[in-house]
Amino acid sequence: MSLLCNTGDWFTLGQGNAFRKIELYTMDWPASINLDNMTIHAAPYGGPIAVVKDPKSFIKLDGGSSARPVIRVFNCVGKLMSSINWDCGNLVALGWSDCEELVGVQDDGTIFIHDMFGNFVHKFSVGKDVADVVAAKIFASASGTGVAVMTSGYKIYILNNIKDPKSRPLSDLLNITSALSAWEMVCKDRTTSCLLAMGNEITVVRLGDNAFASHAVAMKSEFKSIALMSVSFDHQHVAMLTNTGCVWMGSSDLKQKYGEFATGRQDKPIHLAWCIDGTTQVESQAVIVAYMTLILIIGTTGESSVYTYDSPMTLIPEMDCVRVLTSSCHELIQKVPLSTSKIFGINISEPASFLFEAHRKFQERSHQSDEYLCLIQGKLSAAVADCVEAAGHEFDPNTQKSLIRAAYFGKSFITDYNCTEYIRMCKTLKVLNVLRDRNVAIPITIQQFNHLQPVVILDRLVFRKHYSLSIHTAKYLRLQETRILEHWAFQKIALDKNEDEVARKIEAKFSSADLLEPMSFANVAEKAQQLGKTKLAITLLEREKKKKLQVPLLLKLGASEKALKAATESGDIDLIYMALLEMKNTTALAKFHMTIRNYSLAQSLYKKYCQLNSLSTLKDIHSQEDDFLAQAELGLREALALGNLDASIPDIGGNYRRAGKAAEAELADETKRLLKHQKTLQDKYHRDFFGLPLHALVRQLLQLGDLRYAEKLKGEFRMPERRFCWLRVRTLAENYQWEELERFARAKKSAIGYEPFVEVCLQQRNVAEAKKYLPRCAEENKLKWYLRAGCYADAANIAFVQKDIDSLLKIHDHCTNADPALLATVENMIGQLSSKK
């Protein structure tokens, strides 16, 4: 089946290899621009175009210096974006980085970076010993955008990434002479190589290699040198044009030759570029040779096609096509996508072609629509997929609509059709058509769109200051608008001088954005700080909700008190300490102390910090605040830590009194007296009494036998009689002073009773001494203590008198293996008490 639709600009290069030429725009160059004596440097992916006068046409002035060039930057329809008056050294090369920044290389080895609006970004030098640069290459490397420079002495230095400029020279063993006619950079498998054409040989040199190989270029016709050399966008292929006009095509490692073509022209071309389709099929690739008024498109199979132009043109290689830029038009040359050729190709009988025709007949209300559908029963899914894919490759909106409608028509006959890809393509086409509009002028293909990803596309719109379009696109694709709004705010800060108005507009814009999370003002404030607008930065930061972002930047801006306030409001202890310590280092001490008094949480945390790190500072704070209780407690802790209680107690007691703590003041006075006694006893007995509490001190004295001093301390410190009596009883028993213990028991009535006497005797396993005090125990406790002492006969009598059968039973259990007479007596007692019940 043959469908002649959209095929007017198709041409074939070999069997099944159809290419097409699409007009993207008619150019709107300014009247002052004459491309005949200009060099054009265009960024890939529909990027900006830098135009500068050809250095060869510069007019020498009387002073011996040449006129300085003016670099003009245009978009893809020829609309002026910016101008750069190059007032530095002589410009050797221009190019674009992967983030659409203009890279300029001077003859002194300095590399300048500007954005597309002509704003200077930064500069750096290739190396201290690099000067007198005569040529340079700006290329895409595995790590970013690279630059290679060649000096007048034929030494080559390579930087793989301009963001991290570290230059390395090619091998010193390399001997390059004036026979060098062309050179190119190849980046493959994260390895950067340099192809050097000298005579009829190509030398491949890699960074770090001390050995390198030369490859002779095999051609059917003889030649002396290689005039031009071009590496494909993906660095997989290389093309060389000889001085005799023959083109050699092969792999970039020079191991495979695809073919050669004799152009039959002796004049040197302007450009040489690969037109690839992103596949690995060698037959699908082509080389374009641009002369002054024509381009020659050569397939790897040896087929060719020619197009003529009215003016010189520039070739712009892309990942899946080549753009052709002239003074009047902007065109695109690419291999016809497979899905497109299945529909619009000549003599095609593919399901997608029948589906497209079926839809066309359906619109004409022809019965033939059903006949075409019957031909592709069972193949509708593949046909719909091809129509959807082909729509993505089209630039004409009407053709896109026709293909999408055909796909919509076809999917209506498919049960359980998954619409995901169909919907995604419709959304993608809407975005692509907006990008390709003359007012935006980013003519990318769908393959380039998918490669860059929507996030990068949004960034490129933002860099061109299409903020409204960026936000609408982000919402349409359901992507975050945060970076777009931030970039808009950056521009407002940089360009608008009314800081109050800028802050108001930014706040209004951020608050009106319908986002899942509120916009952060921190990054915007940091940008204002970088531009020296401190007041604006602080104003913006006051609107920041996230304290962890707000506080550090406020401190950096010198707004310590605002930072402290924000930190205390957050309740984050780490943030409060950060603000406190920074404020302490940057503020006068008196002002610092006065300020933190307004923030109770901050002050409490600072006191805790001082308690751990600087007690003297904490003392000063308590003294300034007349906090006598805190002074007393701090003095007490410090005295205990230093073991200097006797010297500190007077101040501690006085502070307790000033704080109205009478009980604590009295305890301090008692501690002072006790310390005095401890010092006296230490001198008397040459033993360490310091720090002992009253109880332990009295016990020590009783151990030493100093009863008089012990009683003196008891009276002076009003020790309870029961506690003193207990201490004495325990001490006498521990020292086995049984006679003394007995005299103490007889001296006067015991304040603690006589059970403790029995207990201490039993603890020392002296039952005989314990029996002396058992009769004097209280009646209600006698039975228990007789049992503990093992006096079962007496215990039985007491239990019988008290009519306590349970106790008698316990005694019976203990007497099972004892005296039979006692056992019989106990049993008799139990029997008597039981019979009375």
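- Named according to an unreviewed UniProt entry, the protein is Vacuolar protein sorting-associated protein 16 homolog originating from Anopheles sinensis.
- The protein has a UniProt comment under Function (unreviewed entry) that states "Plays a role in vesicle-mediated protein trafficking to lysosomal compartments including the endocytic membrane transport and autophagic pathways. Believed to act as a core component of the putative HOPS and CORVET endosomal tethering complexes."
- Taken directly from UniProt, the Sequence similarities (unreviewed entry) text for the protein runs: "Belongs to the VPS16 family."

## Observations concerning the sheet that holds strand β27 (residues 314-317)
Here comes step 1: Taken together, five strands build an open sheet; the order of strands is β1-β2-β29-β28-β27 and the sheet is antiparallel. The outermost strands of the open sheet, each flanked by one partner alone, are β1 (10-12) and β27. In this sheet, adjacent strand axes meet at a mean angle of 25° when their direction is disregarded.
Here comes step 2: The sheet contact formed by β1 and strand β2 (residues 18-26) spans three bridges and is antiparallel. Paired with T12 across the strands is A18, a residue of β2.

## Focus: the sheet that holds strand β13 (residues 156-159)
In sheet architecture, strand pairing relies on hydrogen bonds along the backbone and comes in two forms, parallel and antiparallel.
Here comes step 1: Across the sheet, four strands lie side by side as β11-β12-β13-β14; this open sheet has antiparallel pairing. Looking at strand neighbours, the two that pair on one side only are β11 (133-141) and β14 (168-169), the edges of this open sheet.
Here comes step 2: Pairing analysis gives two bridges linking β13 to β14, with the strands arranged antiparallel. Residue Y157 lies in a different strand from β14, and its bridge partner there is P169.

## Some thoughts on the pattern of salt bridges
Where charged atoms from two side chains of opposite charge approach closely, those side chains can pair.
Here comes step 1: Considering all chains together, one arrives at 20 salt bridges under this definition.
Here comes step 2: We note a salt bridge from K257 to E260, for which the minimum N-O separation is 2.6 Å.
Here comes step 3: Between K342 and D386 there is a salt bridge; the shortest N-O distance is 3.6 Å. A residue pair is termed long-range when its members are at least 10 positions apart, and K342 in helix α1 (residues 338-344) and D386 in helix α4 (residues 380-393) qualify at 44 residues.
Here comes step 4: Among the residues examined, D386 registers a relative accessible area of 13% and is labelled buried.

Parameters and conventions
- Residues numbered from 1 in each chain as written.
- Predicted model: local features only at pLDDT ≥ 70, side-chain atom pairs only at ≥ 80, totals over all residues.
- Heavy atoms only, no water.
- UniProt positions renumbered as here; feature names shortened; annotations may be inferred.
- Pairing = 2+ DSSP bridges.
- Helix = DSSP H or I, 4+ residues; strand = E, 2+ residues; numbered from the N terminus.
- Axes fitted to C-alpha atoms, helices over the stretch in contact; angles between N-to-C directions.
- Salt bridge = Lys/Arg side-chain N within 4 Å of Asp/Glu carboxyl O.
- Buried < 20%, exposed > 50% of the residue type's maximum accessible area, 1.4 Å probe, protein only.

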